[in-house]
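Descriptive structure summary
Listed here are the chains, written in short residue letters.
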Amino acid sequence: MIDAACDITSALINGGPAEDIDDYDDGPRAVELLVARLGTRATTVHHLLAVAAVDRFLGDDVKGWSEREQGKWPPDLRPRLVTACREIMGRPGWPAVVADGLSSTDPATFDEARRAGEVLGIDTIEAQLVRLAADPLNGNWFAVMDSIDAARLPRVIELAQESLPLTEIAKGSTDEFGFGPEFRAHLALGFVVQSLGRFPGQGWMLIAAALRSPVVRNRNGALSAIEAWDWSDWPSEARAVLDSAARIEPDEEVRARMEHLARGESAPVTPVILL
């Protein structure tokens, strides 16, 4: 029951296309009761993530807490809940719970532990790299690249170069969207190259493969990465590779980006038409 309450409350707080916590008349009381119960019953990373979601919601003033407190939320409730959430999140036993989750073979448990580690400021990259190496095609490359640092990036690049079929991926540009299990390697490569713009000069072999991927977003991700680099960070063959890729590029806008970059020019910006 507590797990289900965590799920429902987190979903309402996160919001979406449907109604959210602000549309729920009993929202303030429901959040108060859940935090109170978790104050004595929080034992899992699932519970911790729910508390973190509430804490994040309480600190987010985008929708305006003054408006909420003039409506359904009692003015004294928010500070009391913040104090309670911080007390729960600050308990010394959580790192051990996170470490236990990171050792799990269950993907969902591992992912919750990874996210809980982010909440607590625990570095989980080593555990993520071990898991990624064990099953590269089903690994969470996005999460790894989202939190990787420059010192450990070479390990990710090496793993990608060794475990992803780059020659097969770079078989030629088409208009594929890249959905389905047969595109798992392309998806993994896309997550890597789209983050390489933060690391000038790193991962060129992966970018070169992505430039000839049949998946359009791979090619766009590769172009965005090298667009973010200074010209001095480009390898000597980069413009020739771009020029060659442009000759077989079926997408007009992608081809224009390649051609401009191959000439040493900034890529054109697609105009936005406001209706």
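This report concerns the structure included in the present document.

Quick notes on the rules
Residues numbered from 1 in each chain as written. Predicted model: local features only at pLDDT ≥ 70, side-chain atom pairs only at ≥ 80, totals over all residues. Heavy atoms only, no water. Buried < 20%, exposed > 50% of the residue type's maximum accessible area, 1.4 Å probe, protein only. Helix = DSSP H or I, 4+ residues; strand = E, 2+ residues; numbered from the N terminus. Arc of directions from axis to C-beta. Contact = heavy atoms within 4.5 Å. Core = buried A, V, L, I, M, F, W, Y, C linked by side-chain atoms within 4.5 Å.

Overview of helix 10 (residues 153–163)
- Along helix 10, the positions that sit buried rather than exposed are Leu-153, Val-156, Ile-157, Leu-159 and Ala-160. In an axial view of helix 10, the angular spread of the buried residues amounts to 160 degrees, which keeps them on one side of the axis.
- Those residues of helix 10 hidden inside the fold are in contact with helix 8 (125–134), helix 9 (141–147) and helix 13 (204–210).

Some words on the nonpolar core
- Ranked by size, the top nonpolar core spans 44 residues in total, and within it Trp-141, Leu-189, Ile-207, Leu-211, Ile-226 and Leu-242 carry the most contacts.
- Per-element accounting of this core gives the leading share, 6 residues, to helix 13.
- Contacts of Ile-207, omitting those with residues within four sequence positions, involve Val-193, Leu-196, Gln-202, Ala-222, Ala-225, Ile-226 and Trp-229.
- Core analysis: the second largest hydrophobic core is formed by 32 residues, Val-31, Val-35, Trp-73 and Ile-88 among them.

Focus: the environment of Thr-44
- Along the chain, the position of Thr-44 falls in the loop between helix 2 (27–41) and helix 3 (45–59).
- In this structure the C-alpha to C-alpha distance between Thr-44 and Leu-33, which are 11 residues apart in sequence, comes to 18 Å.
- Beyond its immediate chain neighbours, meaning those up to four positions away, Thr-44 contacts Trp-94 and Val-97.

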